[in-house]
Structures are given as C-alpha cells and as structure tokens.
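For reference, the chains in residue letters:
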Amino acid sequence: MTESFAYPKSVSIVEVGPRDGLQNESTPLSTQDKVELVEGLANAGLRYVETGSFVNPRWIPQMADSGEVFQRISRLPGVTYAALTPNMKGFERAMKAGASEVAVFAAASESFSQRNINCSISESIDRFHPVMEAADAAGIAVRGYVSCVLGCPYEGEIQAQAVLEVSQALLDMGCYEVSLGDTIGTGTPGSMDRLLNVLVPELTPGKLALHCHNSYGQALANILVGLQHGISRIDSSVAGLGGCPYATGASGNVATEDVVYMLQGLDIETGVDLDALIAVGADCCKKLERSTQSAVAQARAA
Ligand SMILES: CC(C)(COP(=O)([O-])OP(=O)([O-])OC[C@H]1O[C@@H](n2cnc3c(N)ncnc32)[C@H](O)[C@@H]1OP(=O)([O-])[O-])[C@@H](O)C(=O)NCCC(=O)NCCSC(=O)C[C@@](C)(O)CC(=O)[O-]
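Calculation notes
Residues numbered from 1 in each chain as written. Predicted model: local features only at pLDDT ≥ 70, side-chain atom pairs only at ≥ 80, totals over all residues. Heavy atoms only, no water. Helix = DSSP H or I, 4+ residues; strand = E, 2+ residues; numbered from the N terminus. Rg over C-alpha atoms; globule rule 2.2 N^0.38 Å. Buried < 20%, exposed > 50% of the residue type's maximum accessible area, 1.4 Å probe, protein only. Contact = heavy atoms within 4.5 Å. Areas by Shrake-Rupley, 256 points an atom, 1.4 Å probe, with all protein chains shown as cover. Expected span 1.5 Å × (residues − 1). Phe/Tyr/Trp six-rings, centres within 6.5 Å; stacked < 30°, edge-to-face > 60°. Lys NZ or Arg CZ within 6 Å of the ring centre and 35° of its normal. Bend = angle between axes of the 7 residues up to and from the residue. Pairing = 2+ DSSP bridges. Right-handed = clockwise from strand over helix to strand, strands pointing away. 1 Å grid on protein atoms, 1.4 Å probe; cavity = no way out; pocket = protein on both sides within 12 Å on 5 of 7 lines; lining within 4 Å. Points joined across faces, edges and corners; volume = space filled by probe spheres on them. Nonpolar A, V, L, I, M, F, W, Y, C, P; charged D, E, K, R; others polar.

### What to know about the overall build of the protein chain
- Assigned secondary structure in the protein chain consists of 12 helices and eight strands.
- Radius of gyration (C-alpha) of the protein chain: 17 Å, near the 19 Å computed for a compact globule of 302 residues.
- Reported as C-alpha extents along the three principal axes, the dimensions of the protein chain are approximately 45 × 45 × 35 Å.
- Classification of the 302 residues of the protein chain by burial places 57% in the buried group.
- Sequence separation of 24 or more characterises 75% of the internal contacts of the protein chain that already satisfy a separation of 6 or more.
- When the accessible area of the protein chain is evaluated, it comes to approximately 12100 Å², of which 49% is carbon and sulfur surface.

### Remarks on the environment of isoleucine 223
- Structurally, isoleucine 223 can be placed in helix 9 (residues 219–228).
- For the pair formed by isoleucine 223 and isoleucine 234, sequence separation is 11 residues and the distance between their alpha carbons is 7.6 Å.
- Leaving out residues up to four positions away in the same chain, isoleucine 223 has contacts with Leu210, Cys212, Ile234, Val254, Val259 and Met262.

### Describing helix 2 (residues 31–43)
- A rise of 1.5 Å per residue sets the reference length of helix 2, with its 13 residues, at 18 Å; its end C-alpha atoms lie 18 Å apart and thus fit the reference within 8%.
- Taken residue by residue, helix 2 has Thr31, Asp33, Lys34, Val35, Leu37, Val38, Gly40, Leu41 and Ala42 as its buried positions.
- Looking at the buried positions of helix 2, the neighbouring elements they touch are strand 1 (12–15), helix 1 (17–21), strand 2 (48–53), helix 3 (66–72), strand 3 (80–84) and helix 11 (274–288).
- Immediately beyond the C-terminal end of helix 2, within one or two residues, lies glycine 45, with a positive phi of roughly 110°.

### Regarding the packing of aromatic side chains
- This structure, assessed with the given rule, holds two aromatic pairs.
- The ring of tyrosine 145 carries the charged tip of arginine 143 above its face, separated from the ring centre by 5.3 Å.

### Some details on helix 8 (residues 189–203)
- Between its first and last C-alpha atoms helix 8 spans 20 Å; for 15 residues at 1.5 Å apiece the expected length is 21 Å, and the two agree.
- Along helix 8, the largest kink reaches about 30° and is centred on leucine 196.
- Looking at helix 8, one finds that the buried residues are Met192, Asp193, Leu195, Leu196, Leu199, Val200 and Leu203.
- Buried residues belonging to helix 8 abut helix 7 (160–172), strand 6 (178–182), strand 7 (208–212) and helix 9.
- Of the residues one or two after helix 8, threonine 204 is the one with positive phi, at around 75°.

### Concerning the environment of threonine 186
- Within the secondary structure, threonine 186 sits in the loop between strand 6 and helix 8.
- Counting along the chain gives 26 residues from threonine 186 to cysteine 212, while the straight-line C-alpha distance between them is 9.3 Å.
- Those residues in contact with threonine 186 that sit more than four places away from it in its chain are Leu150, Gly151 and Tyr216.

### Some remarks on the pairing of strand 6
- Across the five residues of strand 6, five count as buried, placing the element largely inside the fold.
- Residues Val178, Leu180 and Asp182 point to one face of strand 6 and Ser179 and Gly181 to the other, with burial holding for every one of them.
- Two elements, strand 5 (residues 142–147) and strand 6, share three bridges in a ladder whose sense is parallel. Of the residues in strand 6, the one forming a bridge with glycine 144 is valine 178.
- On the question of chirality, the crossover connecting strand 5 to the parallel strand 6 by way of helix 7 is right-handed.

### Quick look at the layout of surface pockets
- Approximately 590 Å³ is the volume found for the largest pocket.
- Forming the walls of the largest pocket are 32 residues, and the residues nearest its centre are Val55, Pro86, Phe105, Asn116 and Ile117.
- Looking at side-chain class alone, the lining of the largest pocket contains 15 nonpolar, 12 polar and five charged residues.
- Considering only enclosed or pocket space, the second largest pocket measures out at about 190 Å³ in volume.
- What lines the second largest pocket is Val149, Leu150, Gly151, Glu157, Ile158, Gln159, Ala160, Ser191, Arg194 and Leu195.

As structure tokens, then:
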C-alpha cells in the first residue's frame, strides 16, 4: 500500500453496460431498448457511455446493431459515446455511425489475445497502428484496454511486467489512457496493490483506469486500492450486467450503482444521480428478464 494518499475529489465513471454488459447477455435486447438504456444512463449523469462495439458480428452477435444504436440515440452535450474498434474495419464502421471516441483492446496474456481477437499480442499492436493514425487524422481520442491484468482463464497468473509492457505500448502509440481489465475478477486488494506498485510509478495514475469484473466479489475493494494509488477513472456496468464471452464463468463488471454509492460515502463527486441510475438498471433488468447484480439496487428495492 502507498504510505500516504489522498482520495481524488472526483471520479469519472466509464459506463460500459451497453457494451461490455450486453455483449454477454443471453437474452437479446432490442435496438430500441439499447437506445433507451444509453439515453437513460446519460440522463442519470454518466458522462462517458460505451455505447457499442464494431467487431465481427459472427463473433459477438449481441453487438451487430451497434451502428443503428449510435445513429438513433439522442445525444446530450458533454457526453462521450464510445465504441470498441479492434481494427480498421471496426474504426471505419464506428466513424460512419458517429462514435465520439473509440477504444482498442489488447491483453496481457497471449492465450486470451488469440481467443478474443484471433492474433498474438504483438500482432494486435500492429493492427492498432493504422487505427491510431486514422483516429489522429480525424481528431478522435483513443482509449486502450488491457485484459487479464490479474489473471487469465487459460494461463492463470499474469506477471505485472507483461501488463506494464502492453500498457506502455498502448500509451506510446497514442492511447490517452489504459483501462486495466481484471477480466475474470480473480484479483484481490493484495494482487491489485502489487500490480499498481509496478504500474503507477512508470505510467502515472492519470493514465490508468480500472475495469474490475466482480466474479469473486472483490471489485469494490480492488477499486478502493486503485483510488488509494491516485486512479480516478473507473469502469463499471449498470446493474452489473454481462461477463466476458471468452472467459467462461466471469461475471459482469462491478455494478455502477455500487461504485457510485461507495464513492458518495467517501465524499467523492461523480455527477451521477443514484436514484435515477437505479431506475435505469431496474428497467434494463426487467427487459432482460434477469435480476440486478447491484447490492445497492437490491437493498433499495427491499
Ligand atoms: C478482432 C476480429 C475482428 C478479428 O477476426 P479475424 O477473423 O482474425 O479477422 P479477419 O481480418 O481475418 O477477417 C475475418 C472476417 O471478419 C470480418 N471482420 C474483421 N473485422 C471486422 C470488424 N471490425 N467488423 C465487422 N467484420 C469484421 C472480415 O470482413 C472478414 O469477413 P468475411 O470476409 O469472412 O465475411 C475478431 O476476432 C472479433 O471480432 N473478435 C471479437 C472480440 C470481442 O469483441 N471480444 C469482446 C470484447 S473485449 C472484452 O470484452 C474485454 C474488455 C475490453 O471488456 C476488458 C476486460 O474486461 O478485460
């Protein structure tokens, strides 16, 4: 643990429910329901909504209508509507649909990289170069993701050095930040602290975000460790939707409602209206015919 720390005064929440959440839901949500979800999240105060993904629809059918979702949403000023783009084809589709920002995604594990995007880590970096150049020319910011930072479903433990190398490569090529994905949620406050002790001095906290899945119930504790290291960008998914299609058993991201509640308790500003957010999560869960994974939403409903 860092010797002394001050919690950030505010935290930006990166809402990934409409993408990371819905990409792994078995019940398909209609395009109109997706549009209402994205609009509801922005109306609840979220300023960054990952709205969809431009990957091969044969790999991720749940995101096949992302172009239509982007085209149909009413946009609020000051809100970033972002998309995942694994290659130039994805980037071109995202631009046509009007995405305001894109994200490229790599992994710290070779096996996961092969299963998720059908290429090695270094091949993935090569594929991102033209995306970075095209985004730069178009004035589009690019976020980077690194999956499996605290464990891989195929390789087990992942070395911090491997996470550092791929994160550094993404920043060097022009990503403005790297989101560290605990894809299978096996991380603990101890392993997160050890990882950040390696990454933060090299990369600085302002270039890092945390993306914690909650499979083992550790996500909020891991995020707290990240805050103590000065990280102030947190990914989360309304109602804890989703999982990962290439990591069997991985549950959804930490629920946005639970993150907001914890941050409120720390007097950290998020700009999110918790009651409005809970209502958006409840509406989405009803449409998906599933229960919320948010402990806060469950407690409020009771
Ligand atoms: C990356 C590829 C496309 C490579 O897939 P590939 O098969 O190696 O690509 P290819 O270039 O050889 O092309 C094969 C076919 O795919 C098409 N294609 C090629 N690119 C696109 C595109 N962008 N959009 C639409 N179609 C595309 C291309 O046109 C061609 O079509 P065909 O000629 O056979 O009809 C594939 O592996 C893929 O789509 N993977 C999906 C990966 C994915 O979405 N995973 C989930 C998101 S990552 C995640 O959830 C983790 C994260 C970010 O949340 C963080 C964390 O939690 O760890």
